[in-house]
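# Descriptive analysis of the structure
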Amino acid sequence: MFNRRLLLAAVPAIAYFGVLLLRLFSMQVAEAEHWREEAAKLSKRTLRIPARRGAILDRSGEVLAEDRFELDVTVRFDLCVEEAWRCAACRRSNFASPGRRSRRCPDCGGREFRPASPADFAGLVPFLPAGGPSFEGLREAAFAEHRREVEEEVARRQKLYMRAEREDVEKVLLRRERVLLRSASPELVKELSLSPERYHGLFVRPAFRRVVSAGEAVSVIVGQVGPLSEAEQRELGSRGIPWSEIWRMEVGRSGLERGLEDRLRCREGRKEVERDARGRVIEVLEEDPPRDGETIRSSLSLPLQRTVTEALRAACAAHDAEGGAFVALDPANGEVLALASVGEGIHARLNLAVLPAVPGSTFKILTALAGLEAGTIDPLETFTCAGPWHGIGCSHSPGTVDLRDAISRSCNKYFARAAEAMGIGVFAPFAAKLGFGRPSGLLLPEESGGLVPDPEWKRRRYPKDPVLHVGELRQMGFGGGALLVTPVQMARLMAVVANGGRLVPPVLVLGEGGGGDRVVSEASAARVREAMEAVVTEGTGRRLGLQEFRVAGKTGTAELVADRQDHMAWFAGFAPAEAPRVAFACYLRRVKAHGAEAAGPVVLAFLREFFAR
């Protein structure tokens, strides 16, 4: 009887241990390879190695924009146990809530949690920037970004007819590290590094951050970097780039940062390591080194850039202008030495140097070149400017003039007649030949091509009045009408006269300039150059004090039709006249002064700095 009872009691125990032995055999023999792989996954980790985006330098090697190494404090919300921060599974099962013992959450990687409270992070408060947000404020801001990304990802999946369970999306995004504090102080980094067990979910991560070292003088030209658009993310994802890298990637959004994106772009590296039970790296299994972006030396001169920017600001303040721009380039090879833009309001965010404006009398230089090349202008033939002619007047009343006098004294009627004599069939193609009506090719995506009206444009723009009338052509002859040019295009026109007739492509990268193609004969360029010298010695620019630099120039004042009291004030030219080293164009928007008075002082400040170096 006793043996029977003992046998009945032993059967369940034998069965239990039999099942246990079978399971042990299955795990250690039959499924050994599977569990070995799972253990390897827990001990392996892929670390990212940040890469440095290429720097942008000026022509002498001074830094304009660069990536600076910094240490950020990041947060992972799946490792934080406060109610608002827990993953969906933690909230459903109430894992690691206050008052309970530490438990494991199956949805958060099996990590062991403990209850947390604001007091856990109190030790970080002394290390936060004085006067900045509190630690709680930083966390709330980071979590607000998380909630926004969850909503966007759910909406994106629904748009693509994908399964969009909010809890699934949140579970993935909670594991993403988010920047809590940028450029952490050494004291804060030390505190976090020495006591990681006190600050669950907080990490110190290296980062490169884009800094425009030269400040406002080059900020509009250098441009900005920013995150990828949704379309750009999809395009990179289709090329096999990991999404963990794509969402951190920043690219150029404007200026040189965008124009040189392919050369400045970097690629972060990766390192797969094996860790022990304490998380220490014991072996590097595989490493893909980072690739830094190319360092670009621009053609800009930072001292000239700063001088011109300050002079433009002073001129805008003196004349209550909306904004202004200045462009200077080497007439021999097209290298841009300075390209400045300043303004108020919306104009402060625009690069006015590559945006169009009415050119005024500076465009008479092109009319003169076109007439000389076409043979419709005899430089020695005189014209008497007396009284209005077809509604066109001259504010200077120059009297009897030839080509030299018409340029130096800025006679509107002379060039209106010249444009009419050559006709739109000569005028518009010649302007296009000299680069007007299309972008110059600078590495600035926001550059405009301006406008040179022709019959086709008139038919498209005004279908009810499709004919380009002779009156419109007369207006264009002296820089009026619907004409629009950029300061870059005007500076390049000055370079054509300065270098004897070659159209050089403007460039912003040192060493990439060229000689350009001949578009005007040397004889025509010499005729116009002589007249432009007279502008400064005896004409409309004689009071500017530019004689010491032997400047050849042209003033321009374009009235705005909406308000004839406001003007576009221009001064363009080159120096020294006998052996030009620099060509330039300057203009101010909406001023009540004339071109020489408003723009001339900016040119004078630039030339003093240029010839002093």
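Residues numbered from 1 in each chain as written. Predicted model: local features only at pLDDT ≥ 70, side-chain atom pairs only at ≥ 80, totals over all residues. Heavy atoms only, no water.

Going through the model one piece at a time under the given rule, you end up with one cavity of 30 Å³ or more. Its boundaries defined by the atoms lining it, the largest cavity holds a volume of some 40 Å³. Around the largest cavity, the lining residues are Val 73, Leu 124, Leu 128, Phe 135, Leu 138, Leu 180, Leu 181, Leu 188 and Leu 192. Every element with two or more residues in the lining of the largest cavity is listed here: α4 (135-159), β4 (178-181) and α6 (186-194). Partitioning the lining of the largest cavity into residue classes produces nine nonpolar, no polar and no charged. (1 Å grid on protein atoms, 1.4 Å probe; cavity = no way out; pocket = protein on both sides within 12 Å on 5 of 7 lines; lining within 4 Å. Points joined across faces, edges and corners; volume = space filled by probe spheres on them. Helix = DSSP H or I, 4+ residues; strand = E, 2+ residues; numbered from the N terminus. Nonpolar A, V, L, I, M, F, W, Y, C, P; charged D, E, K, R; others polar.)

Per-residue confidence for the protein chain averages 82 on the pLDDT scale, and 82% of its residues sit at or above 70. Between the elements of the protein chain, mean pLDDT differs from a low of 46, seen in helix α3 (residues 88-93), to a high of 97, seen in helix α19 (residues 487-498). Below pLDDT 50 for its whole length, residues 81-117 participates in 75 contacts with residues either more than four positions away or in separate chains. (pLDDT = per-residue confidence, 0-100. Contact = heavy atoms within 4.5 Å.)

Looking now at the nonpolar core. Burial of nonpolar side chains together is a common tendency in soluble globular proteins. In terms of nonpolar packing, the biggest core is built from 93 residues, with Leu 339 and Ile 407 touching the most fellow members. With near-sequence residues (within four places) excluded, Ile 407 lies in contact with Ile 365, Ala 368, Phe 415, Val 528, Ala 531, Met 532, Val 535 and Lys 554. Of all hydrophobic cores here, the second largest spans 36 residues; its members include Ala 575, Phe 584, Leu 588 and Val 603. (Core = buried A, V, L, I, M, F, W, Y, C linked by side-chain atoms within 4.5 Å. Buried < 20%, exposed > 50% of the residue type's maximum accessible area, 1.4 Å probe, protein only.)

With that out of the way, let us pick up the environment of Ser 219. Relative to the helices and strands, Ser 219 is located in helix α7 (residues 216-222). The exposure class of Ser 219 is partly exposed, given its relative accessible area of 29%. Sequence-wise, Ser 219 and Ala 65 are 154 residues apart; in three dimensions their C-alpha atoms are separated by 8.8 Å. Engagement of the side chain of Ser 219 in a polar contact is seen with the backbone oxygen of Glu 216, the distance being 3.4 Å. (Polar contact = N/O pair within 3.5 Å; in protein donor to acceptor, adjacent residues only side chain to side chain.)

Using the criterion set out here, one finds 12 aromatic pairs in the structure. For the pair Phe 326 and Phe 606, a centre-to-centre distance of 4.9 Å together with 45 degrees between the ring planes defines the contact as tilted. Of this pair, Phe 326 sits in strand β11 (residues 323-329) while Phe 606 sits in helix α21 (residues 595-612), placing them 280 residues apart in sequence. For Phe 606, a relative accessible area of 1% corresponds to the buried category. A centroid spacing of 5.3 Å and a plane angle of 75 degrees characterise the contact between Phe 363 and Phe 436, whose relative ring orientation is edge-to-face. Within this pair, whereas Phe 363 is found in the loop between β12 (336-343) and α13 (364-374), its partner Phe 436 is found in the loop between α16 (424-433) and α17 (455-461), the two being separated by 73 residues in sequence. Both residues of the pair, Phe 363 and Phe 436, belong to the buried class. One aromatic cluster in this structure is built from Phe 326, Phe 549, Phe 571, Phe 584, Phe 606, Phe 610 and Phe 611. Between the NZ or CZ atom of Arg 461 and the centre of the ring of Tyr 462, over which it lies, the distance is 4.9 Å. (Phe/Tyr/Trp six-rings, centres within 6.5 Å; stacked < 30°, edge-to-face > 60°. Lys NZ or Arg CZ within 6 Å of the ring centre and 35° of its normal.)

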